[in-house]
Structures are given as structure tokens and as C-alpha cells.
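# Understanding the architecture of this molecule
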Amino acid sequence: RGGQAQREIPFAQPGSLTKVFAIASGKGGVGKSSVTVNLAVAMAGQGLKVGIVDADIYGHSVPAMLGVGDERPTQVEDLIMPVPTASGVSVISIGMLKPRRDQVVAWRGPMLDRALVQMLSDVYWGDLDVLLLDLPPGTGDVAISLGQHLPNAEVVVVTTPQEAAAEVAERAGTMASMMHQRVVGVVENMSFLPCPHCGPEHQIDVFGSGGGERVATTLSARFGYDVSVLGRIPLDLSLREGGDTGKPIVEADPTAPAAAELTRVAEGL
Ligand code: ADP
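All of these numbers come straight from a predicted model, not from anything done at the bench.

## Observations concerning the overall build of the protein chain
A tally of regular secondary structure across the protein chain gives 9 helices and 12 strands. The C-alpha radius of gyration computed for the protein chain amounts to 18 Å, which stays within 12% of the reference 18 Å derived for 269 residues, consistent with globular compactness. Principal-axis analysis of the C-alpha atoms places the extent of the protein chain at approximately 65 × 40 × 35 Å. Burial status across the protein chain gives 46% buried among its 269 residues. Taking as baseline every contact in the protein chain between residues at least 6 positions apart, the subset at least 24 positions apart corresponds to 74%.

Here it is, written out as C-alpha cells:
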């Protein structure tokens, strides 16, 4: 919008009633998007109005995980309408801002900043109770932009139990704190595999153990306030399948231990 004053971000206004959570991780593939989507759907199940901004430039997978991977947002005058989903969660994705679906998001900082602001201020979100942001892994441009535009966002750090994942997750948490955002807790994902042969009481530590606790302890010591492990999500085939088929596990198979744990985390936020 050449020269026109930028619209304000409603979530950054002092009177905003929308709780904003940024879901961060140190590296990719730890289940950050899966956690974001399932927390959102669980919150919608509690009767909350929930939106997701998928700002993961590398892995913008949120729409597909919600069954709307092929949809594009519509526009009403100069406002973008977020894409509604079967779970009741509205979503906008950085992937939807690309002219073509197969295009790579090869944008530098200022473009990414503009895209983030656009998803926050040019989208008609209505009165949301909760907005979740799926951040790209790491401590890059999007995390810095978000910290500048929404310092009131609370940050949830997702890690696996693995030492190497925990170390980079600590950096993502520290970055949030440098941007004056509060880290509300750590979700340890892929925590263990309930043994499919001898029964769920035998847990196999596929990715080792202790990563979530390590991140929580380190960040608590570094920030001087309590950062706790909000939940430990087991490895679960149906969680992966739910992501691939666009039917999040918290809704499709709510009694599965992974779904129950994600729902418990959502209730605590
Ligand atoms: P990220 O957003 O951190 O890159 P994703 O949420 O895309 O990670 O997850 C990476 C892959 O791992 C996906 O295929 C997802 O379905 C799968 N996955 C994530 N968490 C679990 C889990 N607890 N159990 C089984 N598969 C999982």
C-alpha cells in the first residue's frame, strides 16, 4: 500500500483482550507446528476463539495440518480474511502470501517483517481470545520482528529430550527474553515411545531424556523466574497421521495419551 500509513496491530494495543502465544523452537522437526496446531484446536474445544499465524518460513505446514493446505485467503476490500478450518480455528500462513504455491520464501529481514505485520494487522481476526504464532526455528529475523511488534507475546519453547535440541532451544528462549517477552514454559515433545509390544508402562527413550527439564532449569536460572515443563508429549503414530491428514489428534483421537497431554497443556496456558 504505497505510502499509506500502516494499520496498527490490534494485539499490540494496551486494551487488547487477546492472549498471544509464540511457539518457538531451536531447530526444525521437533514438532513445533504439531504442538501449535493441537494447542489451538484444544483451546477452540474449550470454547475459545482461536487464530493461528503460521510464520514458519521454512516449514509453513500449519494449513495442511488443519486440512486447509490448498486454500487461499479471500479479500474483502483491503482486509484479508483468515482461512476458517473444521476445528473452528482460523489460520493465515506466510505460505499464503506467496504468489505461487511452489515458490520458496527467499525473503530478507525487511520483507519478512512486512509479511509478519501484514498477517497481524491486515487480516480481519475479529475478537480473538487467543492468537498462536508458529515461529520459524531458531533466532532469526522473524523472532526479532515479533519481539519488536509484540513484546507482550508469551513464548512457549518446544524441544525434544535430546541434548543437542535442548541446547539450541535454550538459545531461542533467551532470544525471546532479550526481546522482553516472557517465556511461559517448555513443552517436551517426542518425550518417549510407549512400547507397542510390552505395553505403555514400558517407555522407550528414543531421543534420550531430560531435554525439557534442562531447558526449563537453564531458562529459570537465567531469567530469575520460574520456567516450568508444561508437558511431555509421547511419540504417537496417530499424532503424525493426524498432521498428515489434516485432522489434529486432540480432536480425532482425544483419549490417546499424546492428545490428553496436549489438551492438559492447553488448559494450563
Ligand atoms: P516442526 O514444526 O518443529 O518442524 P513438525 O510439527 O512439522 O515439526 O513435526 C515434524 C514431524 O514429526 C511431522 O511429520 C509430525 O507429524 C511428526 N511429529 C511431531 N510430533 C510427534 C509426536 N509426538 N509423535 C509422532 N510424530 C510427531
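Now, onward.
## Some points on the sheet that holds strand E8 (residues 154-159)
With mixed pairing, the 8 strands of this open sheet are ordered in space as E5-E6-E2-E7-E1-E8-E9-E12. Of all the strands in the sheet, just strand E5 (83-84) and strand E12 (228-233) have a single pairing partner and so form its edges. When E8 meets strand E9 (residues 182-189), the two strands line up parallel, connected through 6 bridges. Residue pairing in the sheet places Val156 in a bridge with Gly185 of E9. Docked against the sheet, helix H1 (residues 32-45) engages strand E1 (19-25), strand E2 (50-54), strand E7 (130-134), E8 and E9, running at close to 170 degrees with respect to E7.

## Considering the nonpolar core
If you look at the biggest cluster of nonpolar residues, it comprises 73 residues, and the most contacted ones within it are Ala40, Leu133 and Val157. Here this core takes 8 residues from H1, the largest share from any one element. Setting aside residues up to four positions removed in sequence, Val157 forms contacts with Ala24, Ser25, Ala169, Ala172, Gly173, Val183, Val186 and Val215.

## Considering the site of the ligand
In the neighbourhood of the ligand, 19 residues make up the surrounding shell, with Gly31, Lys32, Ser33, Ser34 and Arg240 lying closest. When contributions to the shell around the ligand are tallied by element, the ones reaching two or more residues are H1 and helix H7 (237-245). In terms of residue class, the shell around the ligand is built from 6 nonpolar, 10 polar and 3 charged.

## Thoughts on the pairing of E8
Of all 6 residues in E8, 5 are buried; the element is thus mostly enclosed. With helix H5 (residues 163-178) bridging E8 and the parallel E9, this β-α-β connection has right-handed handedness.

## Focus on the UniProt feature "binding site: ATP" (unreviewed entry) in the protein chain
What UniProt calls "binding site: ATP" (unreviewed entry) maps, in this numbering, to Gly26, Lys27, Gly28, Gly29, Val30, Gly31, Lys32 and Ser33. For Gly26, a count of 25 C-beta atoms within 10 Å corresponds to the buried category. With residues near it in sequence (within four places) discarded, Gly26 still touches Pro137, Gly138, Thr159, Ala165, Val168, Ala169, Arg171 and Ala172. Within the secondary structure, Gly29 sits in the loop between E1 and H1. Overall, Gly29 belongs to the exposed group, with 12 C-beta atoms counted inside 10 Å.

## Focus: the packing of helix H3 (residues 109-121) against helix H4 (residues 141-149)
Contact pair H3 / H4: the axes reach a minimum separation of 9 Å and the direction vectors enclose 50 degrees. As far as their axial angle goes, H4 and H3 are oblique. H3 and H4 meet at a crossing whose hand is right-handed. Contacts from Gly109, Leu112, Asp113, Leu116, Val117 and Leu120 of H3 reach H4 at Asp141, Val142, Ser145, Leu146 and His149. Class assignment for the residues of the contact of H3 with H4 results in 6 nonpolar, 3 polar and 2 charged.

## Some points on helix H6 (residues 211-223)
Between its terminal C-alpha atoms H6 stretches 18 Å, which fits the 18 Å expected from 13 residues at 1.5 Å a residue. Within H6, the full set of buried residues consists of Gly211, Gly212, Arg214, Val215, Ala216 and Leu219. Buried residues along H6 sit in contact with E8, H5, E9 and E12. Gly224 occupies a position one or two residues after H6 and carries a positive phi of about 80 degrees.

Calculation notes
- Residues numbered from 1 in each chain as written.
- Predicted model: local features only at pLDDT ≥ 70, side-chain atom pairs only at ≥ 80, totals over all residues.
- Helix = DSSP H or I, 4+ residues; strand = E, 2+ residues; numbered from the N terminus.
- Rg over C-alpha atoms; globule rule 2.2 N^0.38 Å.
- Buried ≥ 20, exposed ≤ 12 C-beta atoms within 10 Å, placed from the backbone.
- Contact = placed C-beta atoms within 7 Å.
- Pairing = 2+ DSSP bridges.
- Axes fitted to C-alpha atoms, helices over the stretch in contact; angles between N-to-C directions.
- Core = buried A, V, L, I, M, F, W, Y, C linked by C-beta atoms within 7 Å.
- Near = placed C-beta within 6 Å.
- Nonpolar A, V, L, I, M, F, W, Y, C, P; charged D, E, K, R; others polar.
- Right-handed = clockwise from strand over helix to strand, strands pointing away.
- UniProt positions renumbered as here; feature names shortened; annotations may be inferred.
- Parallel < 35°, antiparallel > 145°, perpendicular 65-115°, else oblique.
- Left-handed = near helix turned anticlockwise from the far one by under 90°.
- Expected span 1.5 Å × (residues − 1).

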